[in-house]
Amino acid sequence: MYPEIGFNTRNTKNYIINKIKEINYDKNVIKLEIVEISDSLIITLQTKKSKILGFRADIDALEIKEKNNSIYKSTNNYMHACGHDAHTSILLFLIIDILNNPKILNGTIRCIFQTAEEGPGNGGAYYLIDNDFIKEIDYLYALHVNSELEKNSIYYKDNYLMASSTTFKIELFGKESHITRYTEGIDVLNKGMLIYNDINNIKINDSLIYIGILNSGNATNIVPSYLLLEGSIRTFDNNTLEFIKKHIYDIVLKYMGNLKFNIEYNNGYPSLKNDLDSTYLLVKCCNLLNCNIYKLDKPFYLSDDFSRYSKYSKICYFFLGTKKNNGYILHSNNFDIDEDSLYLGYLVYKKIISEYFGDYWYIY
């Protein structure tokens, strides 16, 4: 009901801390450590020293005005339209459960409550990945609710699951003239339209390229001297991305020749590639739970900065189906979830802990 955006998630962070501090746990049995990095949290639970198993929940919302009328409707101009409040709830409940029942844990887990998954800039993970607390994590898991997928079901994919997100800006510099003296000018608007068509028609290795901004001119009877194109590239490997960048340069050069132009790229989130071992453990746990689990046929063109954690950890990212009513898409102002489905996310995390540390117990 009180969503916060970007890196400004202090109240959310403090809410998580306060909920954990309410638990009167046995300090002789379980060790708790809370580390604050800006408004992100890294929480470690340990019953004995071991390799570290990790879980991440993103805690930021979006600058969207909610249209739902639920009892948990947002009270401000922001909205958890991507379900990060659900991710946080699952992980927070897991921590509380372990503090109350430390026999669940036969080792060390580390839970990341991360700001700014939705941005701005490089996103919240960018500022955490090189921290020693993160570098020590062996397997690292994250789930994402999805209201287009059937509730109480897990959806996964090994290898590439999500694309990288790269934006680009192309500036063309021509020469202004009146349309009655058209030949005395250099028409970058005409050249820009040709470049626009060629770039949008690039088809390479399942990549997605689109120009969403084209700006030029300020008068109907003047040949413009400047044109701006801005677009996005979604790819699943760096070699393809670099090939596309070269192709874009060649297209611009073809139409501009010796004329002045500028191309800039902003490399956003890397593509998300699930580790085979950590993904196998997820599948094994879901099968042991006898829950609905489905393997996705193809990756998504969405992006998530969870991909950055693969620098040191064996990551696995999967979807939790939470379809409710018409199943509004993520980032919609009508986005909502079937809350009963969240319990499955908690059970899967709990089972991963059990199987990872080899401490078998009965759930039901």
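The notes below deal with the structure included here.

Considering the overall build of the protein
What the protein contains, in helices and strands, is seven helices and 16 strands. C-alpha extents for the protein along the principal axes are approximately 85 × 40 × 40 Å. Counting across all 364 residues of the protein, residues that qualify as buried make up 52%. At a minimum sequence separation of 6, the contacts of the protein that also span at least 24 residues come to 80%. Here the protein displays about 17,800 Å² of accessible surface, and carbon together with sulfur accounts for 47% of that area. Placing the 39 positive and 43 negative side-chain charges of the protein at their respective mean positions leaves the two points 2 Å apart.

Details of the pairing of strand β16 (residues 314-321)
Sheet faces and side chains relate simply in a regular strand, where the side chains alternate between the two faces. Taken across its eight residues, β16 has seven buried, putting it largely inside the fold. Where strand β5 (residues 137-146) meets β16, eight bridges bridge the pair, whose relative direction is parallel. Residue pairing across strands places Val145 opposite Leu320, the latter belonging to β16.

Observations concerning the environment of Gly345
Relative to the helices and strands, Gly345 resides in helix α7 (residues 342-357). Residue class for Gly345 comes out buried when judged on its relative accessible area of 0%. Between the C-alpha atom of Gly345 and that of Gly119, which follows or precedes it by 226 residues, the distance is 25 Å. The residues contacting Gly345, other than those within four sequence positions of it, are Ile90, Leu143 and Leu320.

Examining helix α2 (residues 84-100)
It helps to recall that an α-helix has 3.6 residues per turn; residues three or four apart then point in one direction. Here α2 contains 17 residues, and its C-alpha end-to-end distance of 24 Å stays within 8% of the 24 Å for a straight helix at 1.5 Å per residue. With 13 of 17 residues buried, α2 lies mostly within the body of the structure.

Details of the sheet that holds strand β15 (residues 292-295)
Reading across from one edge, β1-β2-β4-β3-β5-β16-β6-β15 is the order of the eight strands in this open sheet, with mixed pairing throughout. Looking at the sheet topology across the chains shown, the edges are occupied by β1 (31-37) and β15. In this sheet, adjacent strand axes meet at a mean angle of 25° when their direction is disregarded.

What to know about unusual backbone geometry
Look at the link from Gly119 to Pro120: it is a cis peptide, with omega at 15°. Checked against the element boundaries, Pro120 lands in the loop between β4 (108-114) and α3 (132-135). For Asp206, which is not glycine, the phi torsion reads 60° and is therefore positive. Relative to the helices and strands, Asp206 resides in the loop between α4 (188-200) and β10 (208-216). Judged by its relative accessible area of 59%, Asp206 falls in the exposed class.

Quick notes on the sheet that holds strand β12 (residues 226-235)
Pairing is antiparallel across the open sheet formed by four strands, whose spatial order is β10-β12-β8-β13. Looking at strand neighbours, the two that pair on one side only are β10 and β13 (261-267), the edges of this open sheet. Neighbour-to-neighbour, the strand axes of the sheet open up by a mean angle of 15°, direction not taken into account. Of the strands in this sheet, β8 (164-173), β10 and β12 touch α4, which is tilted by about 165° from β10. Packed on one face of the sheet, helix α5 (residues 238-256) meets β8, β10, β12 and β13 and runs near 165° to β13.

Brief notes about the layout of surface pockets
The volume enclosed by the largest pocket comes to roughly 770 Å³. Taken together, 29 residues form the lining of the largest pocket, with Met1, His80, Asp85, Ala86 and Ser89 sitting closest to its centre. Broken down by element, the lining of the largest pocket gets its largest block of residues, eight residues, from α2. Partitioned by chemical class, the residues of the lining of the largest pocket number 15 nonpolar, eight polar and six charged.

Concerning the packing of aromatic side chains
Overall, the coordinates contain 19 aromatic pairs when judged by the stated rule. Ring centres of Phe7 and Tyr127 lie 5.7 Å apart, and the angle between their planes is 75°; this geometry places the pair in the edge-to-face category. Taken as a pair, Phe7 in the segment before α1 (10-21) and Tyr127 in the loop between β4 and α3 lie far apart in primary sequence, 120 residues in all. On the numbers, 4.8 Å between centres and 90° between planes, the contact of Tyr356 with Phe357 is edge-to-face. Residue classification places Tyr356 among the buried positions, given a relative accessible area of 18%. In this structure, Lys245 packs its charged tip against the face of Tyr265, placed 4.9 Å from the ring centre.

Let's talk about the packing of helix α6 (residues 276-289) against α7
It is at 9 Å that the axes of α6 and α7 come closest, and there the two elements cross at 110°. Taken together, the axis directions place α6 and α7 in an arrangement best described as roughly perpendicular. Both α6 and α7 take part in a crossing whose hand is right-handed. Between α6, through Leu281, Leu282, Lys284, Cys285, Cys286, Leu288 and Leu289, and α7, the contact on the second element is made entirely by Leu347, Val348, Lys351, Ile352, Glu355 and Tyr356. A per-class count over the contact of α6 with α7 returns ten nonpolar, no polar and three charged.

Here we look at the packing of α2 against α7
A packed helix pair is summarised by two numbers, namely the angle formed by the two axes and the spacing between the axes. Two numbers describe how α2 lies on α7: the axes approach to 9 Å, and their chain directions differ by 50°. When the interaxial angle is binned, α2 and α7 end up oblique. You can see that α2 and α7 cross each other, and the crossing is right-handed. When α2 is examined against α7, the residues Ala86, Ile90, Leu91, Phe93, Leu94, Asp97 and Ile98 are found in contact with a partner set consisting of Leu342, Gly345, Tyr346, Tyr349, Lys350 and Ile353.

The rules behind these values
Residues numbered from 1 in each chain as written. Predicted model: local features only at pLDDT ≥ 70, side-chain atom pairs only at ≥ 80, totals over all residues. Heavy atoms only, no water. Helix = DSSP H or I, 4+ residues; strand = E, 2+ residues; numbered from the N terminus. Buried < 20%, exposed > 50% of the residue type's maximum accessible area, 1.4 Å probe, protein only. Contact = heavy atoms within 4.5 Å. Areas by Shrake-Rupley, 256 points an atom, 1.4 Å probe, with all protein chains shown as cover. Lys, Arg positive; Asp, Glu negative; His and termini not counted. Charge placed at Lys NZ, Arg CZ, Asp CG, Glu CD. Pairing = 2+ DSSP bridges. Expected span 1.5 Å × (residues − 1). Axes fitted to C-alpha atoms, helices over the stretch in contact; angles between N-to-C directions. 1 Å grid on protein atoms, 1.4 Å probe; cavity = no way out; pocket = protein on both sides within 12 Å on 5 of 7 lines; lining within 4 Å. Points joined across faces, edges and corners; volume = space filled by probe spheres on them. Nonpolar A, V, L, I, M, F, W, Y, C, P; charged D, E, K, R; others polar. Phe/Tyr/Trp six-rings, centres within 6.5 Å; stacked < 30°, edge-to-face > 60°. Lys NZ or Arg CZ within 6 Å of the ring centre and 35° of its normal. Parallel < 35°, antiparallel > 145°, perpendicular 65-115°, else oblique. Left-handed = near helix turned anticlockwise from the far one by under 90°.

Note that every value here comes from positions in space, so none of it alone points to a role or purpose.
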